[in-house]
Amino acid sequence: EPEVTQTPSHQVTQMGQEVILRCVPISNHLYFYWYRQILGQKVEFLVSFYNNEISEKSEIFDDQFSVERPDGSNFTLKIRSTKLEDSAMYFCASRLRQMINEKLFFGSGTQLSVL
Amino acid sequence: QKEVEQNSGPLSVPEGAIASLNCTYSDRGSQSFFWYRQYSGKSPELIMFIYSNGDKEDGRFTAQLNKASQYVSLLIRDSQPSDSATYLCAVNNFGNEKLTFGTGTRLTIIP
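As a starting point, this report considers the structure included with it. Quick caveat, the model's predicted, so the values are computed rather than measured. Positions within a chain are numbered from 1, following the residues in the order the chain's sequence is written. Both sets of labels track the order of writing: A upward for chains, 1 upward for ligands. Local features in this predicted model are restricted to residues of pLDDT 70 or higher, and side-chain atom pairs are both shown and tallied only at a pLDDT of 80 or more, whereas totals for entire chains, interfaces and linings draw on every residue. Side-chain numbers here rest on the full set of heavy atoms in the structure, without hydrogens or water.

## Concerning the overall build of chain A
Logical step 1: Strands are runs of DSSP state E lasting at least 2 residues, helices are runs of H or I lasting at least 4, and numbering of each runs from the N terminus. Secondary structure summary: chain A contains zero helices and 11 strands in total.
Logical step 2: Start at the N end of chain A and walk to the C end: the helices and strands fall as β-β-β-β-β-β-β-β-β-β-β.
Logical step 3: Only protein chains enter the accessibility calculation, which uses a 1.4 Å probe; a residue whose area is less than 20% of its type maximum is buried, one above 50% is exposed, and one in between is partly exposed. For chain A, with 115 residues in total, the buried portion stands at 44%.
Logical step 4: Expressed as a percentage of contacts within chain A between residues at least 6 apart in sequence, the contacts between residues at least 24 apart total 54%.
Logical step 5: Residue burial considers only the protein chains on display, and all accessible areas are found by Shrake-Rupley using a 1.4 Å probe. Accessible surface for chain A amounts to roughly 5,800 Å². Of this, 47% is attributable to carbon and sulfur atoms.
Logical step 6: Just so you know, the count uses Lys and Arg for positive and Asp and Glu for negative, and it drops His and the chain ends. Where a charge sits is defined by one atom per residue type, namely NZ (Lys), CZ (Arg), CG (Asp) or CD (Glu). A gap of 2 Å separates the mean positions of the 11 positive and 14 negative side-chain charges of chain A. Every residue pair with non-hydrogen atoms within 4.5 Å of one another is taken to be in contact.

Here it is as structure tokens:
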């Protein structure tokens with residue numbers, strides 16, 4: 001089965017530093033997403049991206065966050081100035097179409113630890 | 001606030017028995033419903049989706065949807081130790097990009 005690839009698997013950073021989380025969605029997919037999961041809590045939607053622009057974002061996705069698809073294959077999430085509460089597992093996801101039965105493929109996640 | 005509620009468990013079920021997982025949702029506009037399995041430290045893995053009232057079966061799994069009661073459930077027949085995981089319920093409104101997840105139910109199958 002095709003895979004969404006995320007790097008790095010673990011990222012440790014100091015509070016206030018910028019981090020970039022990287023994802024390679026499945027090659028023919030058109031819709032891209034970031035979700036996060038704080039330890040012991042629910043999976044939360046951050047942002048969706050289609051046709052090179054954000055199509056929907058949550059209240060969590062404030063000005064400190066940005067997404068980019070710089071080269072047609074990578075999809076990145078940047079956190080400009082990390083806070084302790086940004087520590088979480090970040091999942092990238094993609095799917096081919098926005099249809100009710102279209103499967104969402106999740107990557108294996110990046111565990112971000114902000115110290 | 002659109003919520004998806006699940007009993008966090010843990011739910012312990014003997015091997016070979018039926019595991020029953022439940023989920024309620026608050027947004028009457030929700031149109032599609034998903035069950036994901038998540039092993040500790042791993043990403044969610046889709047088990048089933050359902051969008052019509054009634055039952056949908058796939059192998060040992062049956063999803064049940066009752067929109068009037070805003071209730072969706074997952075039955076796992078002939079439970080195996082490998083079914084031990086956290087099961088996440090997620091809902092979506094057609095036209096909305098996002099999935100709204102519940103906190104998950106931790107299921108343990110006892111050999």
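## A closer look at the sheet that holds strand β7 (residues 65-68) of chain A
The pairing of strands in a sheet happens through backbone hydrogen bonds and is either parallel or antiparallel.
All names here are of chain A.
Logical step 1: In this description, strands pair whenever DSSP reports at least two bridges between them. Strand order in the open sheet formed by four strands is β1-β3-β8-β7, with antiparallel pairing between adjacent strands. Two strands lie at the open edges of the sheet, namely β1 (5-7) and β7, each paired on one side alone. Taking each pair of neighbouring strands and ignoring which way they run, the sheet shows an average axis angle of 20°. Where helices are involved, their axes are fitted lines through C-alpha atoms of the stretch in contact, as for all axes, and angles between N-to-C directions lie from 0 to 180°.

## Looking at the packing of aromatic side chains
Logical step 1: Pairing of aromatic rings covers Phe, Tyr and Trp, the last counted by its six-membered ring, and requires centre-to-centre distances within 6.5 Å; plane angles under 30 degrees mean stacked, over 60 mean edge-to-face, and any other angle means tilted. With the rule as written, the count across this model stands at 16 aromatic pairs over all chains.
Logical step 2: Measuring from centroid to centroid gives 4.3 Å for Y31 of chain A and Y50 of chain A, while their planes differ by 5°, and the two rings are stacked. Of the two residues, Y31 of chain A is situated in strand β4 (residues 31-37) and Y50 of chain A in strand β5 (residues 43-50); the sequence distance between them amounts to 19 residues.
Logical step 3: Taking the relative accessible area as the measure of exposure, Y31 of chain A reaches 12% and is therefore buried.
Logical step 4: Note on Y50 of chain A: relative accessible area 33%, which makes it partly exposed.
Logical step 5: Between Y25 of chain B and F33 of chain B, the ring centres sit 4.8 Å apart and the planes meet at 45°, which makes this aromatic pair tilted.

## Some points on the sheet that holds strand β1 (residues 4-5) of chain B
Logical step 1: Pairing is antiparallel in the open sheet, where five strands are placed in the order β1-β3-β8-β7-β6 (chain B). Each edge of the sheet is formed by a strand with only one pairing partner; in this case those strands are β1 and β6 (54-58) of chain B.

## Here's the deal with the state of the cysteines
Logical step 1: Cysteine sulfur pairs qualify as disulfides if the two atoms are within 2.5 Å. With the rule as written, the count across this model stands at two disulfides over all chains.
Logical step 2: Disulfide partner of C23 of chain A: C92 of chain A, at an S-S distance of 1.9 Å. Across the S-S bond linking C23 of chain A and C92 of chain A, the dihedral sits near -65°, which makes this disulfide left-handed. On the criterion of sequence distance, the pair formed by C23 of chain A in strand β3 (residues 19-24) and C92 of chain A in strand β9 (residues 88-95) is long-range, its members being 69 residues apart. There is no split in this pair, since C23 of chain A and C92 of chain A are both buried.
Logical step 3: A sulfur-sulfur distance of 2.1 Å marks the disulfide that ties C23 of chain B to C89 of chain B. Measuring the twist about the S-S bond at about -75°, one finds the C23 of chain B-C89 of chain B disulfide to be left-handed. Here C89 of chain B lies in strand β9 (residues 85-92) and C23 of chain B lies in strand β3 (residues 19-25), a separation of 66 residues in the sequence.
Logical step 4: Classification of C23 of chain B by relative accessible area gives buried; the value is 1%.

## Some points on the pairing of β7 of chain A
Residue and element names in this part refer to chain A.
Logical step 1: Residue alternation in β7 divides its side chains into a buried set, F65 and V67, and an unburied set, S66 and E68.
Logical step 2: Note that β7 and strand β8 (residues 75-79) share four bridges and pair antiparallel. Note on β8: the bridge partner recorded for F65 is I79.
Logical step 3: Linking two consecutive strands that pair antiparallel, namely β7 and β8, is a turn of six residues; a positive phi of about 80° is found at G72 within it.

## Things to note about the interface of chain A and chain B
Logical step 1: The interface of chain A with chain B comprises 21 residues on the first partner and 24 residues on the second.
Logical step 2: Of the roughly 1,900 Å² buried between chain A and chain B, counting both surfaces, carbon and sulfur atoms make up 57%.
Logical step 3: We define a salt bridge as a contact between a side-chain nitrogen of Lys or Arg and a carboxyl oxygen of Asp or Glu at a distance within 4 Å. At the boundary of chain A with chain B, the tally comes to one salt bridge.
Logical step 4: K42 of chain A is the partner of E3 of chain B in a salt bridge, and the nearest nitrogen-oxygen pair spans 3.6 Å.
Logical step 5: Identification of polar contacts relies on pairs of N or O atoms within 3.5 Å, with a donor-acceptor requirement for protein atoms, meaning one able to donate a hydrogen and the other able to accept it, and with residues adjacent in sequence counted only if both atoms are side-chain atoms. Connecting chain A to chain B are three residue pairs in polar contact (both at pLDDT 80 or more).
Logical step 6: The leading source of residues in the side of chain A that touches chain B is β4 of chain A, at four residues.
Logical step 7: Note on residue categories: nonpolar means Ala, Val, Leu, Ile, Met, Phe, Trp, Tyr, Cys or Pro, charged means Asp, Glu, Lys or Arg, and polar means any other residue, Gly included. Partitioned by chemical class, the residues of the side of chain A that touches chain B number 10 nonpolar, seven polar and four charged. Once two parts are put together, the accessible area they lose, assessed with a 1.4 Å probe and summed over both, is termed the buried area.

Taken by themselves, the reported measurements are silent on function.
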